[in-house]
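Architecture at a glance
Residue-level listing of the chains:
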Amino acid sequence: MTQDQWLILAILTATVAMFLWGRWRHDMVAAGALLACVLAGLVPTGEAFAGFGHPAVITVACVLVLSRGLQLSGAVDVLARNVMPAQSGRLISLMALMGLGAFLSAFMNNVGAMALLMPVAIHLSQRLELTPGQVLMPLAFGTILGGMTTMIGTPPNLIVSGFRSEAGLGSFAMFDFTPIGLAVALAGVLFVALVGWRLVPARKQAGIEGFESGAYVTEVRVLEDSKAAGLRLREIEAELADVDAQIIGMVQREVRLIAANPGRRVHAGDILMIEAEAEALKDVLSILGLKLEEEVKPDKEDKASEEDEKENATASRDKDSDRSGKQEDDDEAEAAESSLKSGDVVLMELAVLPNSPLNGRSASDILLRTRYGVNLLALSREGQRSMKRLRSMAFQSGDLLLMQGPPESISEFASDNGCVPLAERELRIPNKRKIWEASLIMLFAIGGAAFGLLPAAVAFALGVLASMALRTVPPQAVYHAIDWPVIVLLAALIPVAGAMATTGTADLIARLLIENVAQGHAVVGLALILVVTMFLSDLMNNAATAAVMCPIAIGTANALGVSPDAFLMAVAIGASCAFLTPIGHQNNTLILGPGGFRFSDYWRLGLPLEIIVVAIAVPLLLVVWPL
């Protein structure tokens, strides 16, 4: 062995050990490995940060942004509601949940898919009379399995494709991973839904409830194309029964009705007062095609009413502050309205503190929309109901307010009026236009890459640009959508992996594996690469595992004199199959607390699942990618 080979092996061993130790974040470890290679002369200084421009890194970042667009638009919520069966038994329900998770993971970040479907899984566990963990673990494994079915489904697939390109063989196409990935995913979903879920320990629920904010009272307007238009109140309440929402009043022809007759017919333009949990609001809007009253563009009558309220409120504010004249007020109102239309808005829950200046005043009194550029979408006052319109309800200490607007405007409102934000929760209000836009952007990006019209990185970068232009992902949220530790990890380890190849270390390791374990048998070598990759992926980040194993896989194939395609595919599959520990994949970590799991709970379902993966993948690799 040469000195360079000893050095790269020492750095690689220390890197893997640091990954396993877990004291430092994986991007820090990867950056340390890269800098160590640069200082040791194994990576030229001019190429140290070339990994940040690698197509695989760009594609991963862009896919994360497009996935965020699907989340924010509510596209996934609509899909989940339409796909999940309402009254089926355990087998069908688990298969539907895992199948939906696998499908979403094939085209979006699988961590995002898992986060979106976790509330669905928890609700399903209650209906099926299972513990949350018995549904969450199958869902987590389903999303992991689904990621291996396309090139963009998970970062390891993109890394493997990049290494194939650098080896002079060209990159894998979008659906080259599908034949084997789909077969493995189907087998895994069937096994878990039929038998596997019984192997999950029935732990008590932990960390699910968070805080209880009580039911919100909100106002929704019936639009011309709403499903609710023309229905009777009893029919609307039947539609809302599954989401635990109820109608407590309505406004029809400017007349407020309390305890309206269930047989009353609802018309376009009517306003319904609905009581529902915060998480159920998006379902209420989606099911009936309603729109939050504060988001409806005001007509002339509403504007006139608003002006009257403004004048009354202005008179009551004489004691509070000096006024700068009518023109300044108009400019302030115009700026506030412009901020709401900008698209860079969030939803936030605020609690009204004791002694808040809001106590006894309403949204109209304080000119909420005009002064701060924010909307009051709903109000929660546990144990009490009010039939007043939202804009005229007097606030009380302890009220919970669901606010919409730019983050800085909501923060200013909270600071000025003695409110504090509650624990962050993501509330997505569906928007039909945004749903179509986000879905079409993703489809065009996938199509451009799949049919070879554009390189994957370029196709998805164009998708991100379109998302920003159409605001399916607000421009200021684009950089928040990217998992930067993963990006740094990939960008740092790509040059390190290159050093393994240039120093001959990858070939050396490959020869040792072939001579001592595989003993020259290509099939044994292929299975060995799959099992070793799978084992490492259970212990360290799957993207890091793929970057470490790809050079070894190519070296092993070259030493055996066979095509490296099957070996690279084995790395892609193995890196995606981390089922034995909670640290092997982020989705496993996500369910650790909510499922009440212990570290040792995962192998009970994970070990037989990994055995099934190996048993199915190895024969299929030999058929689809002949040696």
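A brief report on the enclosed structure follows. Everything numeric in this text was worked out from a predicted model, so none of it was measured. (Residues numbered from 1 in each chain as written. Predicted model: local features only at pLDDT ≥ 70, side-chain atom pairs only at ≥ 80, totals over all residues. Heavy atoms only, no water.)

For the protein, the helix and strand inventory stands at 25 helices and nine strands. Looking at the 627 residues of the protein, the share that counts as buried comes to 54%. Pairs at least 24 apart in sequence give 78% of the contacts found in the protein among residues at least 6 apart. Carbon and sulfur atoms provide 59% of the accessible area of the protein, an area that totals close to 27000 Å². (Helix = DSSP H or I, 4+ residues; strand = E, 2+ residues; numbered from the N terminus. Buried < 20%, exposed > 50% of the residue type's maximum accessible area, 1.4 Å probe, protein only. Contact = heavy atoms within 4.5 Å. Areas by Shrake-Rupley, 256 points an atom, 1.4 Å probe, with all protein chains shown as cover.)

Moving on: the pattern of salt bridges. Per the stated rule, a full pass over the model turns up three salt bridges. Here R433 ties to E437 by a salt bridge, and the two come within 2.8 Å at their closest N and O atoms. Linking R433 with E437, this pair stays in helix α16 (residues 432-450), spanning four residues, or about one helical turn. One network of salt bridges, with partners in common, ties together R433, K434 and E437. (Salt bridge = Lys/Arg side-chain N within 4 Å of Asp/Glu carboxyl O.)

For any two helices packed against each other, the geometry is given by the interaxial angle and the distance between the axes. Look at helix α5 (residues 90-107) against helix α9 (residues 178-194): their axes get within 9 Å of each other, and the N-to-C directions meet at 145 degrees. Both α5 and α9 take part in a crossing whose hand is right-handed. Mapping the contact onto sequence places L91, L94, M95 and M98 in α5 and G188, V189, L190, V192, A193 and L194 in α9. Taken together, the residues that form the contact of α5 with α9 break down as nine nonpolar, one polar and no charged. (Axes fitted to C-alpha atoms, helices over the stretch in contact; angles between N-to-C directions. Left-handed = near helix turned anticlockwise from the far one by under 90°. Nonpolar A, V, L, I, M, F, W, Y, C, P; charged D, E, K, R; others polar.)

For α9, which comprises 17 residues, the first-to-last C-alpha distance of 23 Å matches the rise-based estimate of 24 Å (1.5 Å per residue) to within 8%. Restricting attention to buried positions, one finds in α9 the residues T178, I180, G181, V184, A185, A187, G188, V189, F191, V192 and A193. In this structure, the buried residues of α9 make contact with α5, α7 (132-147), α23 (565-576) and α25 (602-624). (Expected span 1.5 Å × (residues − 1).)

The next thing to look at is unusual backbone geometry. Even without being glycine, E129 reaches a positive phi, approximately 60 degrees. With respect to the secondary-structure elements, E129 resides in the loop between α6 (110-128) and α7. The class of E129 is exposed, set by a relative accessible area of 69%. Positive phi, close to 60 degrees, is recorded for R471, a residue that is not glycine. Counting through the fold element by element, R471 comes out in the loop between α17 (456-470) and α18 (475-481).

Let's shift gears to the layout of surface pockets. Reported here for the second largest pocket is a volume of approximately 450 Å³. Lining the second largest pocket are 17 residues, and of these L70, L79, F103, S439 and L443 sit closest to its centre. Only α4 (75-83), α5 and α16 provide two or more residues apiece to the lining of the second largest pocket. Looking at the lining of the second largest pocket element by element, the count peaks at eight residues for α16. (1 Å grid on protein atoms, 1.4 Å probe; cavity = no way out; pocket = protein on both sides within 12 Å on 5 of 7 lines; lining within 4 Å. Points joined across faces, edges and corners; volume = space filled by probe spheres on them.)

A few words on the side chain of D538. Among the secondary structure elements, D538 is positioned in helix α21 (residues 522-539). R604 is the oppositely charged side chain nearest to the buried, salt-bridge-free D538, at an N-O distance of 15 Å. Among the polar contacts listed, one links the side chain of D538 to the backbone nitrogen of L580, at a separation of 3.1 Å. (Lys, Arg positive; Asp, Glu negative; His and termini not counted. Polar contact = N/O pair within 3.5 Å; in protein donor to acceptor, adjacent residues only side chain to side chain.)

Where burial is concerned, most of strand β4 (residues 271-276) is hidden: six out of the six residues are buried. Residues I271, M273 and E275 point to one face of β4 and L272, I274 and A276 to the other, with burial holding for every one of them. Of the pairings in the sheet, the one linking strand β2 (residues 246-252) to β4 comprises five bridges and is antiparallel in character. Bridge pairing in β4 links I247 to I274. (Pairing = 2+ DSSP bridges.)

Shape is all these values report; function is a separate question.
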